[in-house]
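# Chains, contacts and geometry: an overview
These are the residues of each chain, in order.
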Amino acid sequence: MTPFDMIKAQLGTIVPFQNHVGVRLLELGDGVASAELDQSTDTSNHIQTQHAGAMFTLGEAASGAAMAGAMAPVILTVRPVAKDARIAYVKIAKGTLTAHAKTSAPSADLLAELESIGKVAFEVTIDIRDADHDTVAEMAVTWHLSQRS
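Figured I'd write up the structure that's included with this text. A quick note: this is a predicted structure, and the numbers were derived from the prediction, not measured.

Now for the environment of Arg79. Secondary-structure assignment places Arg79 in strand 3 (residues 78-89). For Arg79, a relative accessible area of 42% puts it in the partly exposed group. Each C-alpha atom, one on Arg79 and one on Ser116, is 16 Å from the other, the two residues being 37 residues apart in sequence. Other than its neighbours up to four places away in sequence, Arg79 contacts His144, Leu145, Ser146 and Arg148.

Have a look at this one:
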């Protein structure tokens, strides 16, 4: 089992809300991740499309996984906090959605900054697509990490 597999396995228990909504992590790597959400009665809104909050949860989960993948060597020694998030809903979203997340900088650069000053902030961008591979939402989450004291 790789460190990425271990992180992926743990994220569902560390952040139970994503399980509650139905988010499934598909892949997790060095600064990248993808996650999936099937539409259900619980994730639908009043017009039978994916609810904005469910889509946000999908994107935030993927961003957290990409952040954790980038910080894999030190993830147990840092305190990650989502500092801010922005989302733009581009198209009506129906059915299964997949979020693809990527850190704004290479993990080596982020880890070097963390080691140098004890904290690091960086953005993770997320592209949420439907089953036709059309972008339905674009999102960005800024993560702030500091050394645990």
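Core analysis: the largest hydrophobic core is formed by 40 residues, its most contacted members being Leu58, Met71, Phe122, Ile126, Ile128 and Leu145. Of all the secondary structure elements, the ones that give two or more residues to this core are helix 1 (3-14), strand 1 (24-28), strand 2 (32-37), helix 3 (52-70), strand 4 (97-103), helix 4 (107-117), strand 5 (119-129) and strand 6 (135-147). When residues in this core are grouped by element, the largest group, 10 residues, is from helix 3. Once residues lying within four places of it in the same chain are set aside, the contact partners of Leu145 are Met67, Met71, Val78, Arg79, Pro80, Leu114, Gly118, Lys119, Val120 and Phe122.

A few words now on the pairing of strand 4. With respect to burial, strand 4 is a largely interior element, five of its seven residues being buried. Strand direction decides the pairing type here: strand 2 and strand 4, joined by six bridges, are antiparallel. Across the sheet, Ala35 pairs through a bridge with Ala99, a residue of strand 4. Across six bridges, strand 4 lies against strand 5 in antiparallel orientation. When the sheet's bridge partners are listed, His100 is paired in strand 5 with Asp127.

Criteria and cut-off values
- Residues numbered from 1 in each chain as written.
- Predicted model: local features only at pLDDT ≥ 70, side-chain atom pairs only at ≥ 80, totals over all residues.
- Heavy atoms only, no water.
- Helix = DSSP H or I, 4+ residues; strand = E, 2+ residues; numbered from the N terminus.
- Buried < 20%, exposed > 50% of the residue type's maximum accessible area, 1.4 Å probe, protein only.
- Contact = heavy atoms within 4.5 Å.
- Core = buried A, V, L, I, M, F, W, Y, C linked by side-chain atoms within 4.5 Å.
- Pairing = 2+ DSSP bridges.

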